[in-house]
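Coordinate analysis (summary)
One-letter residues, chain by chain:
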Amino acid sequence: MAWPFVTVAAIFGAIIGSFLNVVIARLPADESIVRPGSRCPGCGRPIASHDNIPVLSYLLLRGRCRNCRTRISIRYPLVELLTAAAFAFSYHWFGPTLDLAAALVLLSALIAITFIDLDHRIIPNEISLPGIPVGFLFGSMRPSVGFADAGLGVLLGGGALFALAYGYEKIRGREGMGMGDVKLLAMIGGFMGWQGVLVTLVVGSFVGSAVGIAFMIRERGTLQYAVPFGPFLALGAAFYLFWGAELFEWYLQATHL
Ligand SMILES: [Zn+2]
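Residues numbered from 1 in each chain as written. Predicted model: local features only at pLDDT ≥ 70, side-chain atom pairs only at ≥ 80, totals over all residues.

1. Here we look at the overall build of the protein chain
For the protein chain, the count of helices and strands is nine helices and zero strands. Tracing the protein chain from N to C terminus, the helices and strands come up as α-α-α-α-α-α-α-α-α. The C-alpha atoms of the protein chain give a radius of gyration of 20 Å, which matches the 18 Å a tight globule of 257 residues would have. Here the C-alpha coordinates of the protein chain stretch approximately 60 × 50 × 35 Å along the principal axes. The proportion of buried residues among the 257 residues of the protein chain is 38%. (Helix = DSSP H or I, 4+ residues; strand = E, 2+ residues; numbered from the N terminus. Rg over C-alpha atoms; globule rule 2.2 N^0.38 Å. Buried ≥ 20, exposed ≤ 12 C-beta atoms within 10 Å, placed from the backbone.)

Below you can see the structure in the form of structure tokens.
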């Protein structure tokens, strides 16, 4: 295997992860993700570039600001490590292909969406809406997806599920699936086709329900709003990205469809 290239992909991923941390912190607050540079949340002092190296600076400074010693959240290096791992694995899996480019863009969007949804219970339009045409463009060009399946993916994710969510809300009088989830699924459909939307929904609902029930038992609360759906859709989409096509083929053969 091409270890040097996988290492480069991991380093590139850590740098993108550092940028995603900025997006996660600033996008929901409507702040610029370009200026100003990173500042300590404790003393407000700008963080020098040599103290802003992904993962390494956190370890060297033992998770504290150099100036005021305020604790820096461990989530910053974790997001960087997660992105580094996602990029390295994508290179290992796809090699230097268009599928790799699509995977890196999709996974970056999914990581940002996951943590913003966990923090604020929203999926920002700033990511999901441009993600739909960008995803459709990638999907159309990917040999494993193609124009028709990518188009049907956007329509299924955006249209059919919009109708379902709208209908559920009208009948039950409360939101079952947010419109943010619908836009995310349209984006996923663009990148991976309508099959990707179905597998993402099944895997996301299954894992999401399991985790939701576990939370409900522990907190003795209600299932509603116990956990946001976005992170589980992101998990389902990442699963389909790597293993979904095989799973789908296997399912079709097993059921003789
Ligand atoms: Zn500080």
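2. Some thoughts on the environment of Ile 47
One can find Ile 47 in the loop between helix H1 (3–26) and helix H2 (56–60). Taking the C-beta count within 10 Å as the criterion, Ile 47 has 17 such neighbours and is therefore assigned partly exposed. Sequence-wise, Ile 47 and Asn 67 are 20 residues apart; in three dimensions their C-alpha atoms are separated by 9.3 Å.

3. With respect to H1
In this model H1 runs 35 Å from its N-terminal to its C-terminal C-alpha over 24 residues, within 8% of the 34 Å that 1.5 Å per residue would give. Of all the positions in H1, only Ala 9, Gly 13, Ala 14, Ile 16, Gly 17, Ser 18, Leu 20, Asn 21, Val 23 and Ile 24 are classed as buried. (Expected span 1.5 Å × (residues − 1).)

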